[in-house]
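Residue strings, one per chain:
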Amino acid sequence: MAEAVDREPTKVPADPIQPDLPPEQIPTKEGDSDGLILHFDSERFLVFYNCRITWCSSPFSEPACDILCPEFDKERALRALSVPRPVCITLMDQRHFSGVGNIIKNEVLFLANVHPLSFGSHLPPESLQSILDHTIRFTCNWLNNKLQRKGLRYHIYMKECCDKGHKVVKESIGPPYGLKRLTWYCPECQPHVKSENAVPSKEDP
Ligand SMILES: [Zn+2]
């Protein structure tokens, strides 16, 4: 499985989908030997720039867990989000949110005004619903823009300040013993909801 890493932008085009160029003509960063090209039928291919390749177990992805599938099960996704676990880790869990990557995670949590380390079980249902809605919307926009070769404006990913001018925090966050991913968030716009100030939900005892 190819795992994208968060590096500062390079002069290499960020768009991984370049159907008009054969692989040997794809521009690469000078001295950069890593990368992955997947070839498909009809001479189509997908290029991952700035990636590293590691073997890891990957659960089978069902259509019900794939954000972009019509069969995506929103109720199941909400249940997954509502567990006592940091939402930024649940969002990256491909068993529940297949297709969500690190950029989408960062942007969605900012748009939903949710701190990445807030536990889903401490958040009100409206916040969980907001995360889900933004995830679907952002992912669809992401795909549509990629297909049209358009860029997508980021609100928080790799930013120094948020849209309101607050200083953004960058932190490496991941599951215990798992891969840590760089996470950008605004402590002002995304307050950390902890147990003592959690909004009770119907599921709480
Ligand atoms: Zn802010």
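Scroll up to find the structure this text is about.
Computed from a predicted structure; not experimentally measured.

A. Geometry of the overall build of the protein chain. Scanning the protein chain from terminus to terminus reveals four helices and six strands. The order of α-helices and β-strands along the protein chain, N terminus first, is β-β-β-β-α-α-α-α-β-β. Across the protein chain, the fraction of contacts at a sequence separation of at least 24, relative to all contacts at a separation of at least 6, is 63%.

B. Representation of the nonpolar core in the model. Leu-81, Val-87, Leu-91, Val-108, Leu-109, Ile-131 and Tyr-185 are the most contacted members of the largest nonpolar core, which has 30 residues in total. When contributions to this core are tallied by element, the ones reaching two or more residues are helix 1 (74–81), helix 2 (87–91), helix 3 (102–111), helix 4 (125–147) and strand 6 (181–185). Residues contacting Tyr-185, with those up to four places away along its chain left out, are Leu-109, Phe-110, His-115, Pro-116, Ile-156, Val-168, Val-169 and Gln-190.

C. Fine view of the environment of Asp-163. Mapped onto the fold, Asp-163 is located in the loop between helix 4 and strand 5 (169–173). Classification of Asp-163 as exposed rests on a count of 11 C-beta atoms within 10 Å. Each C-alpha atom of the pair Asp-163 and Cys-189 lies 9.6 Å from the other, and the pair is 26 residues apart in sequence.

D. Quick look at helix 3. Most of helix 3 is tucked away: eight of the ten residues are buried. Asn-113 occupies a position one or two residues after helix 3 and carries a positive phi of about 60°.

E. Representation of the pairing of strand 6 within the structure. Summarising burial for strand 6: four of the five residues are buried, a large majority. In the sheet, strand 5 pairs with strand 6 via five bridges, with the strands oriented antiparallel. Bridge assignment links Ile-173 to a residue of strand 6, and that residue is Arg-181.

F. View of helix 4. Over its 23 residues, helix 4 runs 33 Å from end to end, which matches the ideal 33 Å to within 8%, given 1.5 Å per residue. Buried within helix 4 we find Ser-127, Leu-128, Ile-131, Leu-132, Thr-135, Phe-138 and Thr-139. On its buried side, helix 4 packs onto helix 1, helix 2 and helix 3. Count one or two residues on from helix 4 and you reach Arg-149, which has phi positive near 60°.

G. Focus on the pairing of strand 3 (residues 45–48). With four bridges connecting them, strand 2 (residues 36–39) and strand 3 associate as antiparallel partners. By the bridge assignment for strand 3, Leu-38 is matched with Leu-46. Counted along the chain from strand 2 to the antiparallel partner strand 3, the turn is five residues long, and its residue Ser-42 has a positive phi close to 60°.

H. Quick peek at the environment of Lys-167. Mapped onto the secondary structure, Lys-167 falls in the loop between helix 4 and strand 5. For Lys-167, a count of 11 C-beta atoms within 10 Å translates into the label exposed. With 20 residues separating them in the primary sequence, Lys-167 and Pro-187 have C-alpha atoms 8.2 Å apart.

I. Summary view of unusual backbone geometry. Despite not being glycine, Met-158 has its phi angle at roughly 60°, a positive value. The topology assignment puts Met-158 in the loop between helix 4 and strand 5. Under the C-beta neighbour-count criterion, Met-158 is labelled partly exposed, with 15 such atoms within 10 Å. Of note, Tyr-177 is a non-glycine position whose phi angle comes to about 65°, a positive value. With respect to the helices and strands, the residue Tyr-177 is situated in the loop between strand 5 and strand 6. In this structure Tyr-177 comes out as exposed when scored by C-beta crowding, with 5 C-beta atoms within 10 Å.

J. Inspection of the packing of helix 3 against helix 4 at higher detail. Interhelical geometry of helix 3 versus helix 4 gives an angle of 130° and a closest axis separation of 9 Å. Overall, the two elements helix 3 and helix 4 adopt an arrangement that is oblique. In the packing of helix 3 onto helix 4, the handedness of the crossing is right-handed. Each of Ile-104, Glu-107, Val-108, Leu-109 and Leu-111 in helix 3 lies in contact with helix 4, whose residues at this interface are Ile-131, His-134, Thr-135, Phe-138, Thr-139 and Trp-142.

Thresholds, definitions, all that
Residues numbered from 1 in each chain as written. Predicted model: local features only at pLDDT ≥ 70, side-chain atom pairs only at ≥ 80, totals over all residues. Helix = DSSP H or I, 4+ residues; strand = E, 2+ residues; numbered from the N terminus. Contact = placed C-beta atoms within 7 Å. Core = buried A, V, L, I, M, F, W, Y, C linked by C-beta atoms within 7 Å. Buried ≥ 20, exposed ≤ 12 C-beta atoms within 10 Å, placed from the backbone. Pairing = 2+ DSSP bridges. Expected span 1.5 Å × (residues − 1). Axes fitted to C-alpha atoms, helices over the stretch in contact; angles between N-to-C directions. Parallel < 35°, antiparallel > 145°, perpendicular 65-115°, else oblique. Left-handed = near helix turned anticlockwise from the far one by under 90°.

Don't take any of this as a statement about function, it's just geometry.
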